[in-house]
Amino acid sequence: MSAVLDSNDVATSSASRAGAIEIREGDWKAYVDCVNRCKEDKGIATRYGSVAAYKRACALAYLGKRAQLHGGVCSTRHPHVMSSQFIADLELANRTARFNRYPWLRALMTLLAEIEQIQDQISSNNVISLVPSSK
């Protein structure tokens, strides 16, 4: 039996007791089963240090070694070019979603920008140079 199981395979009790994570790379069903296991088995938190550490280990097993070593996010066969217009549109969409999610954030960002502008105006008018000016 390999160290990585398919979602159709059944893990042995010795592997479960040892705390091994049995997820084949990209096997979503096995990932969900392993994450749900922490609700049933309270000893997982003690073996891994915390539930978050266990879930992180499950996620890394799901991503697999290829993704951990080489990124796994971008396809080398199908490269994507992000133009400046695409990035600007993405920034606008993210900002809109952020302000919709947190309505108070827009007012806070505006206030901080005003404070920074006032500080710039004050500091430029009241700067005293300690270095003698060159003649």
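Residues numbered from 1 in each chain as written. Predicted model: local features only at pLDDT ≥ 70, side-chain atom pairs only at ≥ 80, totals over all residues. Heavy atoms only, no water.

Within the chain one finds six helices and zero strands. Element order for the chain, N to C, with α for helix and β for strand: α-α-α-α-α-α. Expressed as a percentage of the 135 residues in the chain, the buried residues total 14%. Working note: accessible area of the chain is about 11,000 Å², and carbon and sulfur atoms make up 59% of it. (Helix = DSSP H or I, 4+ residues; strand = E, 2+ residues; numbered from the N terminus. Buried < 20%, exposed > 50% of the residue type's maximum accessible area, 1.4 Å probe, protein only. Areas by Shrake-Rupley, 256 points an atom, 1.4 Å probe, with all protein chains shown as cover.)

Core analysis: the largest hydrophobic core is formed by ten residues, namely I21, I23, A30, Y31, C34, V35, C38, I44, Y54 and C58. Those elements that provide at least two residues to this core are α2 (28-40) and α4 (51-70). No other element matches α2, which puts five residues into this core. (Core = buried A, V, L, I, M, F, W, Y, C linked by side-chain atoms within 4.5 Å.)

So, about α2. Here α2 is 13 residues long and its end C-alpha atoms lie 19 Å apart, about the 18 Å a rise of 1.5 Å per residue gives. Looking only at α2, the buried set comprises A30, Y31, C34, V35 and C38. Looking straight down α2, one finds that the buried residues subtend no more than 135° of arc, so they occupy a single side. Residues of α2 that are exposed and point more than 90 degrees away from the buried face comprise W28, K39 and E40. (Expected span 1.5 Å × (residues − 1). Arc of directions from axis to C-beta.)

We now examine a nonpolar patch on the surface. A cluster of nonpolar side chains, Y102, W104, L108, M109, L111, L112 and I115, forms an exposed patch at the surface whose accessible area comes to about 670 Å². Exposure remark for L112: the relative accessible area of 43% places this residue in the partly exposed category. (Patch = residues over 30% accessible without salt bridge, like charges linked within 9 Å, V, L, I, M, F, W, Y side chains within 5 Å. Salt bridge = Lys/Arg side-chain N within 4 Å of Asp/Glu carboxyl O.)

This next bit is on the packing of aromatic side chains. One pass over the full model with this rule turns up five aromatic pairs. Between the aromatic rings of W28 and Y62, the centroid separation amounts to 5.6 Å while the plane-to-plane angle is 75°, which identifies the pairing as edge-to-face. Separated by 34 residues along the polypeptide, W28 in helix α2 and Y62 in helix α4 bring together distant segments of the chain. Ring pairs connect the aromatic residues W28, Y31 and Y62, which therefore count as one cluster. (Phe/Tyr/Trp six-rings, centres within 6.5 Å; stacked < 30°, edge-to-face > 60°.)

For the structure shown, the criterion picks out three salt bridges. With a shortest N-O distance of 2.8 Å, E91 and R95 are connected by a salt bridge. With E91 and R95 both in helix α5 (residues 84-101) and four residues apart, this pair spans about one turn of that helix.

Attention now moves to the confidence of the model for the chain. Residues at a pLDDT of 70 or more form 69% of the chain, whose mean pLDDT is 76. Element-level mean pLDDT values for the chain span from 40 in helix α1 (residues 13-18) up to 93 in α5. Note that residues 1-18 has pLDDT below 50 and, in this model, 26 contacts with residues that lie over four places away or in other chains. (pLDDT = per-residue confidence, 0-100. Contact = heavy atoms within 4.5 Å.)

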